[in-house]
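If you want the building blocks of each chain, they are given just below.
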Amino acid sequence: MIRVYENEDITKFYVEFRPRFQQCVVERVLKFCNEHQENDNQDLIVDVACGSGQATSAFQKHFKRILGIDVSPNQIKQARSANEHDNIKYEVGTAENIPLEESSVDLLVSATACHRFDLGKFFTEAKRVMKPNGCMALFCYNAPIIIPKNVKDPAKRQELSDKTTSLLLKYDYFVNDEQSNVSYHCKYQDIFNKVSAENKQWITEGLVMKCEWNLVQLMGYFRSVAAYHEYMKMMKEEHKDASEEEVKEWDHAVLLRDFVKREWEMEGVKDEDVMMEAHFHVYMVLANKLK
Ligand SMILES: C[S@@+](CC[C@H](N)C(=O)[O-])C[C@H]1O[C@@H](n2cnc3c(N)ncnc32)[C@H](O)[C@@H]1O
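Residues numbered from 1 in each chain as written. Predicted model: local features only at pLDDT ≥ 70, side-chain atom pairs only at ≥ 80, totals over all residues.

Caption draft 1: Representation of the site of the ligand in the model. Not every one of the 20 residues close to the ligand is listed here, only the nearest: A49, G51, Q54, A111 and T112. Across the shell around the ligand, the residue classes break down as 10 nonpolar, 6 polar and 4 charged. (Near = placed C-beta within 6 Å. Nonpolar A, V, L, I, M, F, W, Y, C, P; charged D, E, K, R; others polar.)

Below you can see the structure in the form of structure tokens.
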């Protein structure tokens, strides 16, 4: 199992800067459940690899009981301290060994995570804990599209958006593992193909979460990405004697920030006043009655 969301550094960025899933995503999942489940099955939902609760809390008002599990004790610690709801509980647990009874779950969700699971074991475990007519929703987003605000000329705005988004994507893909890269690239088509269920759907269009951000938030998001931490660890091991100035030359966070300030012509502006929209395009695999 690849353990990349373990230390307190990354989990602090995660809870503060990762987007919470918006209602468009929740509604799409619930629409599928309503179409395939005869009864009003809204007792128990489990969020597998919940991080600090980015999807868990989004479903809060729709289910009586909600359990978020994650392999990382630090993610669970952050999730618990950010939790404001009595019907949500968080526990350490894995996708391959879910701490729930057989046939107990109405809806199993997993956000931005299942590309890292042992999928064979996870599907067996999902089938065990889900009620026979239960639903599963696996969803994810890639690096967001960044659109600068306060750039009046539409052509210039588009050009800066393209350049900034490409840089973010390039850094995001830098050291991700092979399986994650394949799944990101095909928007979970590979995972859709592996799901064995009576009913299933693959959604790649129409689910966009829009966030109003400043440069501090963009940098916070960037520092919550495992690829960034893996890359920095690798570079620091390779360049053990590097000075602070030398580190800045290859630190992707510094390079990204410098790029935005320079290319957007915002060098004299405070980071919190450099405004942008971040658009997360969500893709999703929905399934009912796993086989
Ligand atoms: C990118 S984060 C996603 C967190 C949250 N669901 C979200 O959408 O923001 C991936 C999470 O998966 C967890 N994880 C990875 N493999 C896991 C596994 N086999 N079982 C449980 N959690 C796992 C990591 O600890 C991490 O918190």
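Anyway, onward from the coordinates.
Caption draft 2: Inspection of helix α11 (residues 252-263) at higher detail. With 12 residues, α11 should cover 16 Å at 1.5 Å per step; its first-to-last C-alpha distance of 16 Å lies within 8% of that length. Taken together, the buried positions of α11 are H252, L256 and V260. Down the axis of α11, the buried side of the element spans an arc of 70°, and every buried residue falls inside it. Residues of α11 that are buried make contact with α5 (154-172), α8 (215-223) and α9 (226-238). Where α11 terminates, the next one or two residues include E265, which has phi positive at roughly 55°. (Helix = DSSP H or I, 4+ residues; strand = E, 2+ residues; numbered from the N terminus. Expected span 1.5 Å × (residues − 1). Buried ≥ 20, exposed ≤ 12 C-beta atoms within 10 Å, placed from the backbone. Arc of directions from axis to C-beta. Contact = placed C-beta atoms within 7 Å.)

Caption draft 3: Representation of the environment of K187 in the model. Structurally, K187 can be placed in the loop between α6 (178-185) and α7 (189-194). With 21 residues separating them along the chain, K187 and S166 place their C-alpha atoms 17 Å apart.

Caption draft 4: Quick peek at the pairing of strand β4 (residues 105-111). The buried fraction of β4 is high, at 7 of 7 residues. Note that strand β1 (residues 44-48) and β4 share 3 bridges and pair parallel. Bridge pairing in β4 places V46 opposite L108. When β4 meets strand β5 (residues 130-141), the two strands line up parallel, connected through 6 bridges. Bridging from a neighbouring strand, S110 pairs with L138 of β5. (Pairing = 2+ DSSP bridges.)

Caption draft 5: Region of the structure containing the domain arrangement of the protein chain. We note that the domain assignment places domain 1 (8-142 + 178-210 + 282-290) and domain 2 (145-172 + 213-276) within the protein chain. In this structure, domain 1 and domain 2 have C-alpha centres spaced 29 Å apart. Of the residues lining the interface, 6 residues belong to domain 1; the matching set on domain 2 comes to 7 residues. Looking at the side of domain 1 that touches domain 2 residue by residue, the class counts come to 4 nonpolar, no polar and 2 charged. (Domains from an automatic or database assignment.)

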